[in-house]
Amino acid sequence: MSQEHPTPEQDPQASAATEAPAAEASPADELATLKAQNLDLADQFLRAKAEAENARRRAEEEIGKARKFAVEAFAESLLPVTDSLEAGLAVQNATPEQLREGAEATLKQLKSALERHKVIEINPAAGTKFDPHQHQAISMVPSEQEANTVVGVLQKGYLIADRVLRPALVTVAAPK
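Every value quoted in this text rests on a predicted model; they were computed, and no experiment measured them. (Residues numbered from 1 in each chain as written. Predicted model: local features only at pLDDT ≥ 70, side-chain atom pairs only at ≥ 80, totals over all residues. Heavy atoms only, no water.)

A. Expanded view of the confidence of the model for the chain. Averaged over every residue, the pLDDT of the chain is 88; residues scoring 70 or more account for 87%. Taken element by element, the chain is modelled with least confidence in helix H1 (residues 12-23), mean pLDDT 48, and with most confidence in strand S6 (residues 168-173), mean pLDDT 97. (pLDDT = per-residue confidence, 0-100. Helix = DSSP H or I, 4+ residues; strand = E, 2+ residues; numbered from the N terminus.)

Structure below.
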């Protein structure tokens, strides 16, 4: 038995397959469409790249301005301290009591300015456990206190926004 292939008139699928290529766009039309899409995508890419570059440049400018003017508020808060020191030095015949009173008032202004800008004093009390993150041991001394506790403070330390600006210089109780 020999099999014969149906003619396109007899097989509806075969006739649809032969007509499909005629319904599709020609290769030249496809190429033109793809070129147009390529140009559009290239334009979108260049615009996005330029926008990203502009955003990066603006961010760098803002960071530069922030660095340049970061100390402005801090400096403004120190100006009254400067004024007080200059006023105290301008007094020619000040008594020691007046000088001390003026120095104490100026120190109070300075501490207030530092605190407003989150510069906090590290001044551990005697008996406080030694903290190597905030204290720097200068020496170990024999003491009745528990070992590795602060015996005395030689120089106060300072924190700025929870970061050690300068550790407190301390003497520490030696082990017995």
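After presenting the structure, the write-up continues.
B. Spotlight on unusual backbone geometry. The phi angle at Asn 148 is positive, at roughly 65 degrees, despite the residue not being glycine. Mapped onto the fold, Asn 148 is located in the loop between strand S2 (135-141) and strand S3 (150-155). Using a relative accessible area of 37% as the deciding quantity, one classes Asn 148 as partly exposed. (Buried < 20%, exposed > 50% of the residue type's maximum accessible area, 1.4 Å probe, protein only.)

C. Examining the nonpolar core more closely. Counting residues in hydrophobic clusters, the biggest one holds six residues: Ile 122, Val 150, Leu 159, Ala 168, Val 170 and Val 172. Excluding residues within four positions of it along the chain, Val 172 makes contact with Phe 130, Ala 137, Ser 139, Met 140, Val 141, Asn 148, Thr 149 and Val 151. (Core = buried A, V, L, I, M, F, W, Y, C linked by side-chain atoms within 4.5 Å. Contact = heavy atoms within 4.5 Å.)

D. Seen up close, the sheet that holds strand S1 (residues 119-122). Ordered by their spatial adjacency, three strands build an open sheet running S1-S4-S5, and the pairing between neighbours is antiparallel. Where the open sheet ends on each side, the last strands, each with one partner, are S1 and strand S5 (163-166). Strand-to-strand twist in this sheet, taken as the mean axis angle between neighbours without regard to direction, amounts to 35 degrees. For strand S4 (residues 157-160) and S5, the ladder comprises three bridges, and the chain directions are antiparallel. Bridged to Leu 159 within S5 is Val 164. (Pairing = 2+ DSSP bridges. Axes fitted to C-alpha atoms, helices over the stretch in contact; angles between N-to-C directions.)

E. A look at helix H4 (residues 96-116). For H4, spanning 21 residues, the distance from its first C-alpha to its last is 30 Å, which sits close to the expected 30 Å at 1.5 Å a residue. Three or more residues of H4 are buried, namely Thr 106, Ala 113 and Leu 114. Taken down its axis, H4 places every buried residue within 95 degrees of arc, on the same side. Those residues of H4 that are exposed and angled more than 90 degrees off the buried face are Glu 97, Arg 100, Glu 101, Lys 108, Glu 115 and Arg 116. Its buried side turned inward, H4 meets helix H3 (72-90) and S1. Looking one or two places after H4, you find Lys 118, whose phi comes out positive at around 65 degrees. (Expected span 1.5 Å × (residues − 1). Arc of directions from axis to C-beta.)

F. Summary view of the environment of Ala 161. Here Ala 161 is to be found in the loop between S4 and S5. For the pair Ala 161 and Lys 118, spaced 43 residues apart in sequence, the C-alpha to C-alpha distance is 5.4 Å.

G. Structural view of the pairing of S4. Of the two faces of S4, the one holding Gly 157 and Leu 159 is buried and the one holding Tyr 158 and Ile 160 is not buried anywhere. Two successive antiparallel strands, S4 and S5, enclose a turn made up of two residues, where Ala 161 displays a positive phi of approximately 50 degrees.

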